[in-house]
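The chain contents come next:
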Amino acid sequence: MNPTEIYDALAEIAAKPFDPNEFPFAFAEATDAAKAAISKLRNGSTNKSDLPGGVLFNKKFHYAPALKGLTDVTLDQLRASKKTKASKPAILIASDGETIAAEHPASGDTLHCTFSELGDHFGFFLPAAGKERYRAVEENPVDVKATGKLARLYDALTKANPDWGSDERRHEMNQLMMRLIFCMFAEDVGIFPDNQFSRLLFTHAGDKGEEARETIIAAFNAMNLPKDKRGSLPAWTAELEYVNGGLFAGTIDAPRFDTISFRYLRDACDLDWREINPDIFGSMIQSVADPKQRSELGMHYTSVPNIMKVIGPLFLDDLDAEIHKAWDRAKALQQVLDRMSRIRVFDPACGSGNFLVVSYRELRARETRILQRLEELNGPGSMQMFSAIPISNFYGIEIADFAAETAKLALFIAEYQANASFAEVFGRRPAALPLKDAAHIRTGNSLRENWDEVCPPPAEGEEVFIAGNPPFLGSTYQSKEQKADLAFVFAEHIKSFAAFDFVAAWFFKASRYIRGYSARAALVSTNSICQGYSVAALWPHVLGSNLEIGFAHKDFKWRNNASANAAVICSIIGIRNQSKEPKRLFADNLESSADNINGYLVNAPTVAVEGTRNGLFGLPSMEYGNKPVEGGYLLFTAEEKDALLEQEPRTRDFFRPFMGSKEVVNGYRRYCLWITPQTLDEAKSIPAIASRIERVAEFRAGSTDAYVREKLLPLSYRFKQVFEAKSHSILVPSVTSERRPYLPVERVGADVIASNLNQVLYDAPEWCIALIASRLHLVWIATVCGKLKSDFRYSNTLGWNTFPVPKFSEDQLAELSASARRILKCRYSHFPKTIAELYDPDKMPDDLRAVHRENDDLLETMYIGRPFRNDTERLEKLFKLYAAKVKSQDKKGARA
DNA sequence: CATCCGACATGCT
DNA sequence: AGCATGTCGGATG
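The model shown is predicted, which means the values in this text are computed figures rather than measured ones.

(A) Region of the structure containing helix 20 (residues 503-514). The end-to-end C-alpha separation of helix 20 is 17 Å, in line with the 16 Å expected for 12 residues at 1.5 Å each. A large share of helix 20 lies buried, amounting to 11 of its 12 residues. Considered for burial, the residues of helix 20 that qualify are V503, A504, A505, W506, F507, F508, K509, A510, S511, Y513 and I514. Of the residues trailing helix 20, G516 is marked for its positive phi of about 80°.

(B) Seen up close, the protein's contact with DNA strand B. The immediate surroundings of DNA strand B are formed by 32 residues, with N469, S528, K789, R793 and T797 found nearest. Counting only atoms of DNA strand B within 4 Å of the protein, the sugar-phosphate share comes to 49%. Separating a base nitrogen of DNA strand B from a backbone N or O atom of F472 is a distance of 2.8 Å. Separating a phosphate oxygen of DNA strand B from a backbone N or O atom of A567 is a distance of 3.0 Å. Counting only elements with at least two residues in the surface near DNA strand B, the list comes to strand 24 (787-788) and helix 29 (796-800).

(C) Layout of the sheet that holds strand 18 (residues 670-673). Spatial ordering of the open sheet is given by 16-18-17-22, a layout of four strands whose pairing is mixed. The open sheet terminates on both sides in strands that have one partner only, identified here as strand 16 (635-637) and strand 22 (753-754). Relative to strand 18, strand 17 (residues 655-659) runs antiparallel, the two being bridged by three bridges. The residue bridging P657 from the neighbouring strand is Y671, located in strand 18. Strand contacts of helix 22 (residues 638-647): strand 16, strand 17 and strand 18, with the helix running at about 100° to strand 16, the strand carrying the most contacts.

(D) Layout of a nonpolar patch on the surface. On the surface, L67, L70 and V73 cluster together to form a nonpolar patch covering roughly 270 Å² of accessible area. Looking at the element boundaries, L67 is found in the loop between strand 2 (61-65) and helix 4 (71-80).

(E) Quick look at the pairing of strand 10 (residues 519-526). The element strand 10 is largely enclosed, with a buried count of seven among its eight residues. Pairing of strand 9 (residues 463-468) with strand 10 involves five bridges; the strand directions are parallel. Bridge pairing links F465 to R520 in strand 10. Judged from the six bridges that link them, strand 10 and strand 12 (residues 569-577) form a sheet pairing that is antiparallel. From the neighbouring strand, A522 faces strand 12, where its bridge partner is G574.

(F) Up close: the UniProt feature "domain: MmeI-like target recognition" (unreviewed entry) in chain A. UniProt annotation of "domain: MmeI-like target recognition" (unreviewed entry) refers to residues 604-807 when read in the numbering used here. Helix makes up 31% of residues 604-807 and strand 19%, with an end-to-end C-alpha separation of 26 Å.

(G) How the structure looks around the environment of W236. Residue placement: W236 occurs in the loop between helix 10 (212-223) and helix 11 (259-270). When the C-alpha atoms of W236 and H204 are compared, they prove to be 9.0 Å apart, with 32 residues separating the residues in sequence.

(H) Quick peek at the sheet that holds strand 13 (residues 583-587). Read from one edge to the other, the open sheet built from nine strands follows the order 8-7-6-9-10-12-11-13-14, with strand pairing classed as mixed. Single-partner strands in this sheet number two, and they are strand 8 (440-443) and strand 14 (590-594). Strand-to-strand twist across the sheet, computed as the mean angle between neighbouring axes with direction ignored, equals 15°. Where helix 20 meets the sheet, it contacts strand 6 (343-347), strand 9, strand 10, strand 11 (547-557) and strand 12, and its direction lies at approximately 175° from that of strand 10. Sheet strands touched by helix 21 (residues 533-543): strand 11 and strand 12. Its angle to strand 11, the strand with the most contacts, is close to 140°.

Reading the values: the criteria
- Residues numbered from 1 in each chain as written.
- Chains lettered and ligands numbered in written order.
- Predicted model: local features only at pLDDT ≥ 70, side-chain atom pairs only at ≥ 80, totals over all residues.
- Heavy atoms only, no water.
- Helix = DSSP H or I, 4+ residues; strand = E, 2+ residues; numbered from the N terminus.
- Expected span 1.5 Å × (residues − 1).
- Buried < 20%, exposed > 50% of the residue type's maximum accessible area, 1.4 Å probe, protein only.
- Near = heavy atom within 4 Å.
- Polar contact = N/O pair within 3.5 Å; in protein donor to acceptor, adjacent residues only side chain to side chain.
- Pairing = 2+ DSSP bridges.
- Contact = heavy atoms within 4.5 Å.
- Axes fitted to C-alpha atoms, helices over the stretch in contact; angles between N-to-C directions.
- Patch = residues over 30% accessible without salt bridge, like charges linked within 9 Å, V, L, I, M, F, W, Y side chains within 5 Å.
- Areas by Shrake-Rupley, 256 points an atom, 1.4 Å probe, with all protein chains shown as cover.
- Salt bridge = Lys/Arg side-chain N within 4 Å of Asp/Glu carboxyl O.
- UniProt positions renumbered as here; feature names shortened; annotations may be inferred.

Given below as C-alpha cells:
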C-alpha cells in the first residue's frame, strides 16, 4: 500500500460511525496489515494488550477505547502500559469516537484531533504501516520535538481562532508563542520556582481549557508588573515572578483554547525545555508560523560551523590573539574585557538570531575565561563577578515577525544559559529576574530600514561587527517587491543594478555603514557574486576607494542539518576599511595569507574582466546557438523522431540534428524541426507539424516575456533565436563539469543546429579549436567567466572575446590547425567514446593526454618561448596581456 | 536582439 | 538517495 491508499482507507474509517471494538482491526487493515495477521489479532492469539478492550499489535500499534472525553487519560494508560514497553508499538492510539489522542512512543510526538480528521493526519499513522513519516532532521532531538509540538499548537490555535491566523493578529500570535516558550523554558531551568507557570495555568484554566485564555492573560500581565503592583489582578498571580525585560511589554492577549489546542499546550509544557539550543532551535521554530516552510524545515538556517567561518575571522580570532598576548598581565586583560563590553554585533538579516546568539555565546565564553584568569592573577575574591556583555549589544533586523520574536527570545535563553555556565565556574550567578534588557531586534525590511538608526554607528572606542546570511536570489527569481527593494538601495548610486543578486544589496548597505567607522562586515553569500559579470559590475561599487576584502571563504557547498539542503555554493566575504592587517583567504579547506583579495576571491591584484561584444585580440567572433523557447514542441529524441517519421514520412526533410551541451559532451542525439519561411507552407500542410506549430504558439502566448508573447507568436514555426552555419560549426558547450582537464569543444557539419547551450564559431578556422582545447584557455575561462555552482560556464563576451593571444603568424596558425586536427583525430580513434568518457580525469587515454600536452606546449611557446610551469604562471601572463590591451584600448578610445 | 544566470533541476549510479 | 553535471527560458541591457 502506498501512502495515498492508506489515506483513503483511514478517511473511510473516519467517515463511518466509531465502533470501539471494530476500530483496531479496521485500522490494522488500513495500515497494510496482512489478512492472516488481522484474524490472529482478532481471535486474541497475538493480542498482547493489558488494557480493557485494548488491542496491541506487536511493533505496530497499541490501541485502547476511551470513555467519553477521556482520551488523554487512556493515552496515559497506553503510555504507562508494561506491554507497550515490551512490544514497542510505533503508535499509541486512544479514541472515544469524538476525538483521537495518539503518540509515537519513540519520539514522544503527539497528535490530538477529531475522529473525523483521522484521514487528514495519515502521515502521523504511517509508522504503523512500517513507513517512515519523513526523514527526521538530524538535530538535537529536543529541538525537533519542541518544534513539532509548537507547530501543532500553533495550528490548533489558528484553527480554533481563525482571526489569530490573520495578518493583523500575527504579531500577537507570535508574541504569545514566544512568551509561552519562555515560561516553559523558565520553569524547567528553575528561573521560575516550583513549575509555577504550568501549575497555576492548569489549576485555573479548567479541565478543557475553558479559562485558559483569561488565565494566560492574567499570568502574563502579572509577569510584566513588580509583585507589589498587582492589585487589580487575581490573587493567585501574586506568586508569579516579575520577568519584565520587554518580553511581556506591549499588548497582552491570548486566543481561546479549545480542547485540542489545550491538549497540545499541556504536551508542550510536559516537554523538558532545558536542553534546547537557542541557536538552532530558533531557526527550526521559525517554520512553526509558516506551514509552507514546514516541508523545508530550517533549510536556510546557518549551521554553527558556518557561523564560525564568518565571526571567527571577523572579530573572534583577533580577540583571541589579543587575549593570548595579554594572558599574564591583569591590566592588559582588563583592557580586553573593556573592549569586549564595547563590541556590538549587528545582523541585518537576523532571522531567528543564530548569528547573534552564537556571537553572544562566544563572547561570554571568552569573558568567563578572562575573569577566571584575572582571579588567578589577582587572587580569589578580587574580581567583581558580573558580565559586562549585555544582550543589548546585539542588534538585528528581520522581516518576518515570528522570526524576529524568536530572535529576542533566543537571546534571552542564551543569556540565561551563559549565566548558568558562569555560575558553574564562579559559584555565583547574576540575578536571572527581572530581565534587565533585551536585544535590539527591529521587525522590518532590512533594505528599507536605515541601519544607522537600528544600530547606531560606533562612537570612539566602540566597534560594530556586521555578520549574517542574507537571502540570495537571482534576478529571474526576484519578486516585484524585491526588485523594488534593490532599486531603493542602488538607484541613486549605480546605473545598472537590476541584474544583481538580491544579496548584493546587503553588501552595498554594509559597505556604506562601515565606511570610515571602526566597523567591519562579513556576510554569507552565493558564490555567483564573485564570478563572471558580477565581479566588474558590483565590487568596485561596494569597495569604492576606501574599503577592501579583508578575508574570504571561497566556494563551499551549502550544508546544514536540514533534511533537504538548498542547492547552492557559498562564499563568505569580509569587508573592512583599508588596513595594514594581514588578509586571510580560505579556499579548499586551506588558509593562506594574501597580499590582496580581488573580486574573484583570488590572491591577486584587483582586476575585473568586463565582458565585451568586440574581440579584444582579433579572434573570429563567437555567436550564440539557437534558442528554442517553444515548450519542447519542435524538439525530438531519436525515438520520437523515428515514430513521427513512420507515421508521416514527409516530415523527413524537416528534421535536423540538434545539439546542446549534453549532445556534445555525452554523445546524446536530439533532433529539431527546422522550418524556414520558404518551407513553411509545405510544413503546415503536414498535420503533425501544423499542430506542433500551434502548440508552440500556445506556449509562447503564456510567456511573461512580452517579446516572446507578442513578436514571436507569428513565428511559432521557428526558434526564438536562429543561426545557421554555411560549412561547419565549432561548438563550445556553455555549461560543463569543472573536473575535466580541458574544455570540451567539437567540430560539426553544417547540418547540425546548435542550441543556446553551446557557444558557436560558425565557419571558423580550425586553429580556434587548438586555442579552446588548451590549458591556457581553461584557466582563463575558469577565472573570468561565470559558473553554475562551480562548473564552467562558457561565455563569448567574458571569456572568448577577452582571451589574450599574441599576434600569430600564418605559419603559427597553420601549426595550430594541424595540432587541432591531431586532437580531433585522436578522439576519433577512440570512437565511440564520448567527450565525457575521454576527458574523465581518471580515465583519460594516454595518447589523448599526449596530443593535448603537445598542443599546450606548441601554443604556450608562442606566448613566452617555452611552456608555462603552472596555472599561476599562465594566469599571470594572461592578465598581464589583458591589462595591457585594455590600457591601449582606453588610450585609443581617449584619442578618438 | 543577445546574453547571464539559477538558496536550481534532474538524471545517473 | 546522494552525487554529478548540464536544461530551459525569464529578465535585462
